[in-house]
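Structural features, examined
Read off the chains here:
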Amino acid sequence: MQLYALCDQDLLDKKGLLLEEFISIAKEKNAEIIQYRNKNADIAFIKQQLIKIRKIYDGFLIVNDAYELIEFCDGVHMGQEDLRKVDKDIFVAAKIIREVIKKDKILGISTHNEKEILEANEMDLNYIGLGAYRSTDTKSDVTTVLGEKLDHLASLSKHCVGAIGGVKESDEFSHVTYHVIGSGLLL
């Protein structure tokens, strides 16, 4: 199992945990990737947090949505809705983001069903996040729980797959590269 740790600032704040504490736990668990997500802060605060993470973590650092901060990390992850904020055509949006972040950076997007996986197969990506595997308290907008179907759907992707949404370290998959474990389950 390869661990992709999702660091959600809102959840850290809610639990009264420092960013440094989360990074320390992720490092102890040998996380290869950390994604920093903050849906409510301004770009300056997100930049500060990325700089702070980079000083104490030498694995891959991904930022959620804020692709304009690509110089401070190794890649960007975009949700379906966030792609559409870039351009209503997600294929155009993915091309725009790839042009901004360049080829040497990581680009991943969220997927939730077969249609989105097949669309992602046509994009210049490094990975997809696929889920939700289980229901989770950290995202209130989850409408589809894939459960055991997730592994089969992962086999349809030409990209590496990160299983998202309620994933535990002990979960076993055949077609998943990364267990994406959020702040709520990693701590």
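Look a little higher up for the structure.
Figured I'd write up the structure that's included with this text. Not measured: the values here are computed from a predicted model. (Residues numbered from 1 in each chain as written. Predicted model: local features only at pLDDT ≥ 70, side-chain atom pairs only at ≥ 80, totals over all residues. Heavy atoms only, no water.)

Overview of the side chain of R98
Structurally, R98 can be placed in helix 5 (residues 90–101). In this structure the side chain of R98 is engaged in a polar contact, spanning 3.2 Å, whose partner is the backbone oxygen of D124. Of the polar contacts made by the side chain of R98, one reaches the side chain of N126; its length is 2.9 Å. (Helix = DSSP H or I, 4+ residues; strand = E, 2+ residues; numbered from the N terminus. Polar contact = N/O pair within 3.5 Å; in protein donor to acceptor, adjacent residues only side chain to side chain.)

As for the pairing of strand 7 (residues 160–164)
In terms of burial, strand 7 is largely enclosed, as four of its five residues are buried. Pairing of strand 6 (residues 127–131) with strand 7, which is carried by five bridges, proceeds in the parallel orientation. In the sheet register, Y127 faces strand 7, and the bridge partner there is C160. Summarising the sheet, strand 7 and strand 8 (residues 178–182) pair through two bridges and their orientation is parallel. Residue pairing for strand 8: A163 is matched across the bridge by H179. (Buried < 20%, exposed > 50% of the residue type's maximum accessible area, 1.4 Å probe, protein only. Pairing = 2+ DSSP bridges.)

Remarks on the packing of aromatic side chains
Both the distance between ring centres and the angle between the ring planes are used here to describe each pair of aromatic rings. Under the definition given, this model contains three aromatic pairs. On the basis of an interplanar angle of 65 degrees and a centroid distance of 5.7 Å, the ring pair of Y4 and Y127 is categorised as edge-to-face. Taken together, the positions of Y4 in strand 1 (residues 2–8) and Y127 in strand 6 put the pair 123 residues apart, joining distant regions of the chain. As far as the burial class goes, Y4 and Y127 line up, both buried. Relative to F173, the ring of Y133 has its centre 5.0 Å away and its plane inclined at 70 degrees; by these criteria the two rings are edge-to-face. One end of the pair, Y133, is in the loop between strand 6 and helix 7 (149–154); the other, F173, is in the loop between strand 7 and strand 8, and 40 residues separate them in sequence. Both residues of the pair, Y133 and F173, belong to the buried class. Three or more aromatic residues link up through ring pairs in this structure, and these residues are Y4, Y127 and Y178. (Phe/Tyr/Trp six-rings, centres within 6.5 Å; stacked < 30°, edge-to-face > 60°.)

Fair warning: the whole summary comes from geometry, so function is off the table for now.
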